[in-house]
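Architecture at a glance
Letter by letter, the chains look like this.
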Amino acid sequence: MQLNPYLFYNDNCEAAFKFYEKVLGAKIEALIRAEEAPADMPATPERKKKIMHGRISIDGQVLMASDAPPEHFHKPQGFSVSLTIKDPAEAERKFNALAEGGSLNMPFGKTFFSKGFGMCFDQFGIPWMVNSPLEGM
């Protein structure tokens, strides 16, 4: 069994994946556009170039996503995508990159449970938690 987050974007999935490729070292494995769907699933002209399914890997972990049709898009809430990075300097660098152009919930810093932890929304509205755990945690 495998558990993977699936995110829905407000028509900016491709831009988000390219951003994660740049700042997290993610590898884009698939970007399937609506126009590539079978003939019995036609896309409207304005949705043809939108991402119907995307898949990236980040250090061997899979994140999937798509562009939600406008009538189905809801602002993300009630979850965060969590990154665990051993090296606190690398964790802080990636946190700052994710937060750029977004907003901070909790600035990155030492906590009682980690060498560094922070919470933010990226520029695409996706909530992230970045943690550099203490040894043994």
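What comes next concerns the included structure. Within each chain, residues carry numbers counting from 1 in the order of the written sequence. The predicted nature of this model means local features are confined to residues of pLDDT at least 70 and side-chain atom pairs, given and counted, to a pLDDT of 80 or more, with totals for whole chains, interfaces and linings taken over all residues. To obtain the side-chain values, all non-hydrogen atoms of the structure were used and water was disregarded.

With that settled, the discussion passes to the sheet that holds strand S5 (residues 81-84). In this scheme, strands are said to pair when DSSP sees at least two bridges between them. Numbering of helices and strands runs from the N terminus; a helix is a DSSP stretch of H or I covering at least four residues, while a strand is a stretch of E covering at least two. Taken in spatial order, the 4 strands line up as S5-S8-S7-S6 in an open sheet, and their pairing is mixed. Looking along the sheet, the strands with just one partner apiece sit at the ends: S5 and strand S6 (103-111). Within this sheet the neighbouring strands show an average axis-to-axis angle of 10°, counted without direction. The pairing of S6 with strand S7 (residues 114-121) spans 5 bridges and is classified as antiparallel. Note on S7: the bridge partner recorded for serine 103 is phenylalanine 121. Sheet contacts for helix H2 (residues 88-99): S5, S6, S7 and strand S8 (127-133); angle to S6, the most-contacted strand, approximately 170°. Under this scheme, a helix contributes an axis fitted over its contacting stretch, all axes are lines through C-alpha atoms, and angles between N-to-C directions fall in the 0 to 180 degree range. Should any heavy atoms of two residues lie within 4.5 Å, those residues are counted as being in contact.

Turning next to the nonpolar core. By nonpolar core we mean a set of buried residues, namely Ala, Val, Leu, Ile, Met, Phe, Trp, Tyr and Cys, connected to one another through side-chain atoms within 4.5 Å. Partly exposed residues are those whose accessible area sits between 20% and 50% of the maximum for their type, while under 20% is buried and over 50% is exposed, using a 1.4 Å probe and protein chains only. Membership of the largest hydrophobic core comes to 29 residues, with the highest contact counts inside it found for Tyr9, Tyr20, Leu24, Leu98, Trp128 and Val130. Counting residues per element, the ones that place at least two in this core are strand S1 (6-9), helix H1 (13-24), strand S3 (51-58), strand S4 (61-67), S5, H2 and S8. Counting residues per element, this core draws most heavily on H1, at 7 residues. Not counting residues up to four positions away in its chain, the partners in contact with tyrosine 9 are Ala16, Tyr20, Ala65, Ser66, Asp67, Ala68, Phe73, Phe124 and Ile126.

With that settled, the discussion passes to the environment of phenylalanine 79. Position of phenylalanine 79 relative to the elements: it lies in the loop between S4 and S5. Using a relative accessible area of 36% as the deciding quantity, one classes phenylalanine 79 as partly exposed. Separated by 24 residues in the primary sequence, phenylalanine 79 and serine 103 place their C-alpha atoms 16 Å from one another. Leave out the neighbours within four places in its chain, and phenylalanine 79 touches Leu7 and Pro127.

We now examine the pattern of salt bridges. The salt bridge criterion pairs a side-chain nitrogen of Lys or Arg with a carboxyl oxygen of Asp or Glu, the two atoms within 4 Å. Within the structure shown, the criterion is met by 8 salt bridges. With a closest N to O distance of 3.0 Å, arginine 33 and glutamate 14 form a salt bridge. In this pair, arginine 33 is assigned in strand S2 (residues 27-33) and glutamate 14 in helix H1, connecting sequence segments 19 residues apart. Taking relative accessible area as the criterion, glutamate 14 reaches 22% and is therefore assigned partly exposed. A salt bridge links lysine 115 to glutamate 135; its shortest N-O distance comes to 3.3 Å. Placement of the pair is lysine 115 in strand S7 and glutamate 135 in the segment after S8, with a sequence separation of 20 residues. Relative accessible area serves as the criterion here: at 27%, lysine 115 is assigned to the partly exposed category. Residues joined in a network through salt bridges with shared partners are Glu14, Lys18 and Arg33.

For the rest of this paragraph, the subject is the packing of aromatic side chains. By convention, a stacked pair of Phe, Tyr or Trp rings (six-membered ring in the case of Trp) has centres within 6.5 Å and planes under 30 degrees apart, an edge-to-face pair has planes over 60 apart, and any other such pair is tilted. Inspection of the entire model under this criterion finds 9 aromatic pairs. Arranged with centres 6.3 Å apart and planes meeting at 80°, the rings of tyrosine 20 and phenylalanine 124 form a pair that is edge-to-face. One end of the pair, tyrosine 20, is in helix H1; the other, phenylalanine 124, is in the loop between S7 and S8, and 104 residues separate them in sequence. Like tyrosine 20, the residue phenylalanine 124 is buried in the burial classification.

What follows covers the environment of valine 23. By the element assignment, valine 23 lies in helix H1. With 48 residues separating them in the primary sequence, valine 23 and glutamate 71 have C-alpha atoms 30 Å apart. Not counting the four nearest positions on each side in its chain, valine 23 is found in contact with Arg93, Lys94, Ala97 and Leu98.

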